[in-house]
Amino acid sequence: MQLLDGKKLSAEIKNEISEEVKKMVLSGKRAPHLAAILVGNDGASQTYVSSKVKSCEEVGYKSTLIRLEKDITEHELLAQINTLNNDDSVDGFIVQLPLPKHIDEEKIILAIAPEKDVDGFHPMNVGRMTLNLPSYISATPKGILEMLNRYHIETEGKHCVVIGRSNIVGLPMSLLMQRRSKPGNCTVTICHSKTNDLAKYTLEADIIIAALGKPQFLTADMVKPGAVVIDVGITRVEDAGRKSGYRLFGDVDFDNVSKKCSYISPVPGGVGLMTVASLLQNTLSAAKEEFYSKNMSFDVGDL
Ligand code: BQF
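For the structure given in this document, a descriptive report is provided here. These figures come from a predicted structure and were not determined experimentally.

**Describing the pattern of salt bridges**
- Across all of its chains, the model carries 13 salt bridges by this definition.
- Among the ionic pairs, Arg30 bridges to Asp91, the shortest N-O distance being 2.9 Å. One end of the pair, Arg30, is in the loop between α1 (6-26) and β2 (33-39); the other, Asp91, is in the loop between α3 (74-85) and β4 (92-95), and 61 residues separate them in sequence.
- Judged by its relative accessible area of 3%, Asp91 falls in the buried class.
- In this structure, a network of salt bridges that share partners links the residues Glu12, Glu16, Glu146 and Arg150.

Listed below in structure tokens is the structure:
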């Protein structure tokens, strides 16, 4: 079994980005600028946002963290988004999810200008991704593609089983794995909470992408020998014996599955780090206007 080392790959990607930022700055351009909106003080969300801000510093980006109270109104959040949409010094921004229950996430995502939507959550970007048009790709699926690519894992003609159908991971991942590209060209099966006899599918899989959010769900008896196993799960379980106060669990029973498969991504240190690296890549694309020219996303001439 070979470990799909997110720590090593994300360091590699960050080095590549740093080099490019240095060149940009030397050529007289300003450094890329990512802004993040964090609503409330959920522990996990704070950790994720801090690691994104810290990663920006590491690669030489400017970052801005906007913290809002948990009881902010939807209207106030929309106003903040509008400000960032119109701020020419900001290349891209994210609204950290999940949001408090009184705020409609769908409405918030729709308000983000597609050309600054570096999370790739806006329907414009999801739609363009689906149709293989240039767009921001959701950071977790993008990071998984990068992982498969950098480990030279052959995907063409393989059977990929995606467990989970979320808008952010399962759905885009399944579309990306079946499309005509490299990595890609898989035969894809999407499994979910209503799938009968899930093991019937996973036992046939050459590549399993577990993104259902149930700790240690995928066990060795569900995996074909030699399969590639990607673990997207990240569940915090309280553990008083640790200084953080918690332990992270993936969706895969790592200790047993790792004995049976060809490649496996660990948790922590796997897909999560790739997610952050992909967000940095998307921000660089935003600064370079790779997918959209500024304020012109609806211009037919750009299509
Ligand atoms: C690691 C996320 C669920 C809901 C909202 C490194 C991250 C996580 C783990 C990280 C995630 C998960 C993020 C590790 C961002 C991934 O070493 O294993 C990094 O920062 N993530 C998020 O922003 O929102 C989430 C998961």
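**What about the packing of aromatic side chains?**
- Taken as a whole and judged by the stated rule, the model has three aromatic pairs.
- Measuring from centroid to centroid gives 6.0 Å for Tyr136 and Tyr292, while their planes differ by 35°, and the two rings are tilted. Remark: Tyr292 occurs in the segment after α10 (271-287) and Tyr136 occurs in the loop between α5 (123-130) and α6 (139-150); sequence separation between them is 156 residues.
- Classification of Tyr136 by relative accessible area gives buried; the value is 2%.

**Remarks on the side chain of Asp251**
- Along the chain, the position of Asp251 falls in the loop between β10 (246-249) and α9 (254-257).
- It turns out Asp251 is buried and unbridged, and the closest side chain with the opposite charge, Lys214, is 9.4 Å from it.
- Among residues more than four places away in sequence, those in contact with Asp251 are Ala210, Ala211, Leu212, Gly213, Lys214, Pro215, Gln216, Phe217, Leu218, Asp231 and Gly233.

**So, the nonpolar core**
- By size, the foremost hydrophobic cluster in this structure holds 48 residues, and its most contacted members are Met177, Ile209 and Ile230.
- With eight residues, the top contributor of residues to this core is α10.
- When near neighbours in sequence (up to four residues on either side) are disregarded, Met177 contacts Leu145, Leu148, Thr155, Cys160, Gly184, Asn185, Cys186, Val188, Ile207 and Ile209.

**Comments concerning the site of the ligand**
- The full set of residues close to the ligand is Tyr48, Ser51, Lys52, Gln96, Leu97, Ile234, Pro268, Gly269, Gly272, Leu273 and Val276.
- Within the side chain of Gln96, an N or O atom sits 2.9 Å from an oxygen atom of the ligand.
- A distance of 3.0 Å is found between an oxygen atom of the ligand and a backbone nitrogen or oxygen belonging to Gly269.
- Here the ligand loses 73% of its free accessible area of 520 Å² to cover by the protein chains.
- A majority-of-atoms criterion places the ligand in the largest pocket.
- Breaking the shell around the ligand down by element, the ones donating at least two residues are α2 (43-59) and α10.
- By residue class, the composition of the shell around the ligand is six nonpolar, four polar and one charged.

**Some thoughts on the sheet that holds β4**
- In space, the three strands of this open sheet follow the order β3-β2-β4, with parallel pairing throughout. Sheet topology places β3 (62-68) and β4 at the edges, where each strand pairs with a single neighbour. Shown here is a sheet whose adjacent strand axes are inclined to one another by a mean of 15°, direction ignored.
- Bridge count for β2 against β4 is four bridges, and the pairing is parallel. From the neighbouring strand, Ala36 faces β4, where its bridge partner is Ile94.
- Contacts between α3 and the sheet are confined to β2, β3 and β4, with β2 contributing the most and set at about 180° to the helix.

**Here's the deal with the sheet that holds strand β5 (residues 159-163)**
- Ordered in space as β1-β11-β8-β7-β5-β6, the six strands form an open sheet in which the pairing is parallel. Looking at the sheet topology across the chains shown, the edges are occupied by β1 (2-3) and β6 (187-191).
- As defined by bridge partners, β5 adjoins β6 across five bridges and the pair is classed as parallel. Residue pairing for β6: Val161 is matched across the bridge by Thr189.
- Running over the sheet, helix α7 (residues 170-178) touches β5, β6 and β7 (207-210) and is turned about 165° from β6.

**Quick look at the environment of Ile81**
- The topology assignment puts Ile81 in helix α3.
- C-alpha of Ile81 to C-alpha of Pro123: the two residues are 42 residues apart in sequence and 16 Å apart in space.
- The residues contacting Ile81, other than those within four sequence positions of it, are Ile37, Phe93, Val95, Ile108, Ala111 and Ile112.

Parameters at a glance
Residues numbered from 1 in each chain as written. Predicted model: local features only at pLDDT ≥ 70, side-chain atom pairs only at ≥ 80, totals over all residues. Heavy atoms only, no water. Salt bridge = Lys/Arg side-chain N within 4 Å of Asp/Glu carboxyl O. Helix = DSSP H or I, 4+ residues; strand = E, 2+ residues; numbered from the N terminus. Buried < 20%, exposed > 50% of the residue type's maximum accessible area, 1.4 Å probe, protein only. Phe/Tyr/Trp six-rings, centres within 6.5 Å; stacked < 30°, edge-to-face > 60°. Lys, Arg positive; Asp, Glu negative; His and termini not counted. Contact = heavy atoms within 4.5 Å. Core = buried A, V, L, I, M, F, W, Y, C linked by side-chain atoms within 4.5 Å. Near = heavy atom within 4 Å. Polar contact = N/O pair within 3.5 Å; in protein donor to acceptor, adjacent residues only side chain to side chain. Areas by Shrake-Rupley, 256 points an atom, 1.4 Å probe, with all protein chains shown as cover. 1 Å grid on protein atoms, 1.4 Å probe; cavity = no way out; pocket = protein on both sides within 12 Å on 5 of 7 lines; lining within 4 Å. Sits in = over half its atoms within 2 Å of the grid points. Nonpolar A, V, L, I, M, F, W, Y, C, P; charged D, E, K, R; others polar. Pairing = 2+ DSSP bridges. Axes fitted to C-alpha atoms, helices over the stretch in contact; angles between N-to-C directions.

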